Each structure stands twice: as C-alpha cells, then as structure tokens.
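# Working through the structure, step by step
As a plain string of letters, each chain reads:
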Amino acid sequence: MTVTLRPATVDDLLTVGALHQRSRVAAYSAFLPARALTEPTPEAMGAYWTERWTWERDEHRMTVAERDGRLVGFSYLGPDDEGDPATGLLNAIHLEPAERGRGTGRALMVDALDAMRVRGWSCAVLWVLRDNAHARAFYERGGWTLTDVERDEHIGPAVVPQLRYARPL
C-alpha cells in the first residue's frame, strides 16, 4: 500500500515522539556512542513534541506519513532559524527505520518544499549531522547544496557538528 500524508494533530504527538527516538537511534548509532542515544526516552520525546507544538503550531507545520493506518514518518517546518523572512527551515524528516528506501522520506520532502512555496518563501534550509552520510546523500539527491555554515549540536553527552544545506524553492 502507498503512503499517505496528512497534517499532524495533537493526538499524533506521543507517537511522533516515539518514532523520532527510534529514527534517531537507527540513523545515528553508526557514528554516535550508544550512551548519547539512550536519552531522551520515547516518552520524553513525545512530551518534547507536545510542548514544542503548543508553542510553535501557529507558525510551524508538521505532516505525518501513514502506511496501512500506521504512522511511519513525519516532517516539521517553519521559519528560518536565522531570521531571514524569505527562507523556510526544514526542521526534521524522520522515518520508522523500516521505511527507509520506500519513498516516504521523498514524499515528505516534496510536500514540505511545496508547503514552503505556498508560504511565500523563496529559499529552504536545513541542518544535518555532518557524519549522517545517508541523510546527506538523501538531501543532495533532492537538490540541496552544502553552504559554508556549520554549528555544533548536543546529543546527550556528545557534541556533534551540523552542516547547513540550502536550495531554492
């Protein structure tokens, strides 16, 4: 069966949190120490998304992907984190590990880019962990290009370099 996309609701957020944690462990375990991936728990990630959504839902957009009635991925987008009013930020695309390679991530990315265009943004940006080769290749296939901007992100006790990508809309 094909994947379907729909706007997230508050009832999805605990499931999104648990999925986000599973996705992080699967995607980052090749280059982060296990200790960095044990926290937050799936429940804590659900609480995080519930709190974040409370404050950001008016200016952000979360889309969930479902396959056979089960939530298998999500995207989250909003305004640029560096304040450029012409730019939107793709905050996240996360998938159930078994969804990799099934077109779900691509469907979420295309949907997010379309939503950014509708909001009037002319450029899209995102941050990706430098050592996440799979995600970097995914975004590069989608037309994203590396910028000169880098920053460090804390994931548990690990400090992880992030790279900023951009693409025109």
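Definitions and limits used
- Residues numbered from 1 in each chain as written.
- Predicted model: local features only at pLDDT ≥ 70, side-chain atom pairs only at ≥ 80, totals over all residues.
- Heavy atoms only, no water.
- Helix = DSSP H or I, 4+ residues; strand = E, 2+ residues; numbered from the N terminus.
- Buried < 20%, exposed > 50% of the residue type's maximum accessible area, 1.4 Å probe, protein only.
- Contact = heavy atoms within 4.5 Å.
- Areas by Shrake-Rupley, 256 points an atom, 1.4 Å probe, with all protein chains shown as cover.
- Lys, Arg positive; Asp, Glu negative; His and termini not counted.
- Charge placed at Lys NZ, Arg CZ, Asp CG, Glu CD.
- Expected span 1.5 Å × (residues − 1).
- Phe/Tyr/Trp six-rings, centres within 6.5 Å; stacked < 30°, edge-to-face > 60°.
- Lys NZ or Arg CZ within 6 Å of the ring centre and 35° of its normal.
- Pairing = 2+ DSSP bridges.
- Axes fitted to C-alpha atoms, helices over the stretch in contact; angles between N-to-C directions.
- Salt bridge = Lys/Arg side-chain N within 4 Å of Asp/Glu carboxyl O.

## Brief notes about the overall build of the chain
Within the chain, the regular secondary structure consists of 5 helices and 7 strands. Reading the helices (α) and strands (β) of the chain from amino to carboxyl end gives β-α-α-α-β-β-β-α-β-α-β-β. Counting across all 169 residues of the chain, residues that qualify as buried make up 47%. Taking contacts inside the chain between residues at least 6 apart in sequence as the whole, the part at least 24 apart equals 64%. A total of about 8600 Å² of accessible surface is found on the chain, and carbon and sulfur atoms cover 53% of it. Here the chain holds 20 positive side-chain charges and 24 negative ones, and the gap between their average locations is 5 Å.

## With respect to helix α1 (residues 13-28)
When the terminal C-alpha atoms of α1 are compared, their 22 Å separation across 16 residues agrees well with the 22 Å that a helix rising 1.5 Å per residue should span. Among all positions of α1, only Leu13, Val16, Gly17, Ala18, Leu19, His20, Gln21, Ser23, Arg24 and Tyr28 are buried.

## Overview of the packing of aromatic side chains
Tallied over the full model, the rule gives 7 aromatic pairs. The interplanar angle of 55 degrees and the centroid separation of 6.3 Å between the aromatic rings of Trp53 and Tyr76 together place this pair among those described as tilted. Linking Trp53 in helix α3 (residues 42-56) with Tyr76 in strand β3 (residues 70-79), this pair joins segments that are 23 residues apart in sequence. Each member of the pair, Trp53 as well as Tyr76, carries the same accessibility label: buried. An aromatic cluster is built from Tyr48, Trp49, Trp53, Phe74 and Tyr76, whose rings are joined through pairwise contacts. In this structure, Arg151 packs its charged tip against the face of Trp127, placed 3.9 Å from the ring centre.

## Thoughts on the sheet that holds strand β7 (residues 158-168)
Strand pairing in a sheet relies on backbone hydrogen bonds, with the paired strands running either antiparallel or parallel. Spatially, β1-β2-β3-β4-β5-β7-β6 is the arrangement adopted by the 7 strands of the open sheet, whose pairing is mixed. Strands at the two margins of the open sheet, each flanked by one partner only, are β1 (4-7) and β6 (145-155). Neighbouring strand axes in the sheet, compared pairwise and without regard to direction, differ in orientation by 25 degrees on average. When β6 meets β7, the two strands line up antiparallel, connected through 8 bridges. By the bridge assignment for β7, His154 is matched with Val159. Helix α4 (residues 104-118) contacts β1, β2 (61-67), β3, β4 (87-95), β5 (123-129) and β7 of the sheet and is inclined by roughly 160 degrees relative to β4. Its contacts with the sheet place helix α5 (residues 133-141) against β4, β5, β6 and β7, and it is angled at close to 165 degrees to β5.

## As for the pattern of salt bridges
Enumeration over the complete set of coordinates arrives at 14 salt bridges. Note that Arg6 is salt-bridged to Asp12, the shortest N-O span being 2.8 Å. In this structure Arg6 comes out as partly exposed when scored by relative accessible area, which is 25%. Note on Asp12: relative accessible area 8%, which makes it buried. Here Asp81 and Arg164 are joined by a salt bridge, their closest N and O atoms 2.8 Å apart. Of the two residues, Asp81 is situated in the loop between β3 and β4 and Arg164 in strand β7; the sequence distance between them amounts to 83 residues. The partly exposed category is assigned to Asp81, whose relative accessible area is 36%. Residue Arg164 is classed as buried on the basis of its relative accessible area, which comes to 5%. Here the residues in one salt-bridge network are Asp80, Asp81, Glu82, Arg151 and Arg164, joined through shared partners.

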